[in-house]
Amino acid sequence: MSPSGLIPPAFYLRPVVEVARDLLGRELCLGPVVLRITEVEAYDGPGDSASHCRSGRTPRNAPMWEAGGCAYVYLCYGLHHMLNIVTGPAGHGAAVLVRSCEPVRGLDQVRRRRGGLGGPALLAGPGRVAQALGVDRRFSGQPLFRAGGLELRDAAAVGERLCGPRVGVDYATEADRLLPWRFALAGTPWVSRPRGLVPEPVPVG
DNA sequence: CACAGGATCGTT
DNA sequence: ACGATCCTGTGT
């Protein structure tokens, strides 16, 4: 993958947790705004009781059932847009929620959209990310690998990662609530609710 | 057609 | 701790 290049569709066609971890440090670009992803959560198919795919295909979640590489955007609590990145083969129904970012370019535009706020309140939290980037439901289903639209681009390598349980999914089953499917870059202030995040276990063997 | 309930945020 | 705010999925 070329530095600062568009990420090709093959990147997304892998297990959602793998893609989620790999998304940290990559850049979301739309117009003048470039944001580096610092926190994500994985949602894996109809068997995941926290996923919008838990009850099968609906008009809203249709993009989640497409082949990986497109956006899935929905309105939450009637107020906030949530930006997801669809992963896996068509029919699988998995996606990664972008929970936090750090600003890279277009900070003036980001501040305008976020009401002049500064610090983590600018971009830590999924509703804040979508608002700062200028993404709403019209982007749901759009590809992320075509130049000129909403783009995901390669960027500098990342360091240590943290992981923990997903946030705000109390309605899910006990087992699904405990899955450590939330990931964040270690040491960054651009993370919503740092509580519950711990360094990833080191793989043995 | 009616209704309950959010993958949240900002303020009290 | 709470209210905002509206779309969605489900049931009648």
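It should be noted that the structure appears before, not after, this text.
Quick summary incoming for the structure in this document.

Glancing now at the pairing of strand S7 (residues 161–164). One face of the sheet, then the other: side chains in a regular strand alternate in exactly this way. Residues Arg161 and Cys163 of S7 are buried on one face, and the alternating residues Leu162 and Gly164, pointing to the opposite face, are buried as well. In this structure, S7 lies alongside strand S8 (residues 182–185), joined through four bridges in antiparallel fashion. Among the inter-strand pairings, cysteine 163 is bridged to a residue of S8, identified as phenylalanine 183. Bridge analysis of S7 against strand S9 (residues 198–199) gives two bridges, and the strand direction is antiparallel. Bridge pairing in S9 links cysteine 163 to valine 198.

Following the sequence through the fold, arginine 26 ends up in the loop between helix H1 (16–23) and strand S1 (27–30). A polar atom in the side chain of arginine 26 sits 2.9 Å from the backbone oxygen of aspartate 22. Here aspartate 154 takes part through its side chain, which lies 2.3 Å from a polar atom of the side chain of arginine 26.

All of the buried residues along H1 are Val16, Val19, Ala20 and Leu23. On an axial view of H1, the arc spanned by its buried residues comes to 105 degrees, and they lie on one face. Buried-residue contacts for H1 involve strand S2 (33–44), strand S4 (80–87), strand S5 (94–105), strand S6 (151–153) and S8. Looking one or two places after H1, you find glycine 25, whose phi comes out positive at around 90 degrees.

All told, the structure shown has two aromatic pairs when counted by the stated rule. With a centroid separation of 5.3 Å and 85 degrees between ring planes, the pair formed by phenylalanine 11 and tyrosine 12 is classed as edge-to-face. This pair shows no difference in class: phenylalanine 11 is buried, exactly as tyrosine 12 is. For the cation-ring pair, arginine 14 lies above phenylalanine 11, with the distance from its terminal atom to the ring centre recorded as 4.8 Å. Just above the ring of tyrosine 43 sits the side chain of arginine 166; from NZ or CZ to the centre is 4.8 Å.

What follows deals with the protein's contact with DNA strand C. For DNA strand C, the full set of nearby residues is Ser55, Thr58, Pro59, Arg60, Leu75, Tyr77, Gly78, Leu79 and Arg137. In DNA strand C, atoms within 4 Å of the protein come from the sugar-phosphate backbone in 74% of cases. Here threonine 58 contributes a side-chain N or O atom positioned 2.2 Å from a phosphate oxygen of DNA strand C. For DNA strand C, a sugar or linking oxygen lies 3.4 Å from a polar atom in the side chain of arginine 60. Here the surface near DNA strand C is built from residues that sort into four nonpolar, three polar and two charged.

Positioned with a positive phi, tyrosine 77 is a non-glycine residue whose angle comes to about 55 degrees. Considering the arrangement of structural elements, one finds tyrosine 77 in the loop between strand S3 (71–76) and S4. At arginine 193, a position not held by glycine, the phi torsion is positive, near 45 degrees. With respect to the secondary-structure elements, arginine 193 resides in the loop between S8 and S9.

Time to look at helix H3 (residues 126–133). The buried fraction of H3 is high, at six of eight residues. Considered for burial, the residues of H3 that qualify are Pro126, Gly127, Val129, Ala130, Ala132 and Leu133. In this structure, the buried residues of H3 make contact with S1, S2, S4, S5 and helix H2 (107–113). Immediately beyond the C-terminal end of H3, within one or two residues, lies glycine 134, with a positive phi of roughly 85 degrees.

Calculation rules
Residues numbered from 1 in each chain as written. Chains lettered and ligands numbered in written order. Predicted model: local features only at pLDDT ≥ 70, side-chain atom pairs only at ≥ 80, totals over all residues. Heavy atoms only, no water. Buried < 20%, exposed > 50% of the residue type's maximum accessible area, 1.4 Å probe, protein only. Helix = DSSP H or I, 4+ residues; strand = E, 2+ residues; numbered from the N terminus. Pairing = 2+ DSSP bridges. Polar contact = N/O pair within 3.5 Å; in protein donor to acceptor, adjacent residues only side chain to side chain. Arc of directions from axis to C-beta. Contact = heavy atoms within 4.5 Å. Phe/Tyr/Trp six-rings, centres within 6.5 Å; stacked < 30°, edge-to-face > 60°. Lys NZ or Arg CZ within 6 Å of the ring centre and 35° of its normal. Near = heavy atom within 4 Å. Nonpolar A, V, L, I, M, F, W, Y, C, P; charged D, E, K, R; others polar.

Everything listed here is a matter of coordinates, which is why it stays silent on function.
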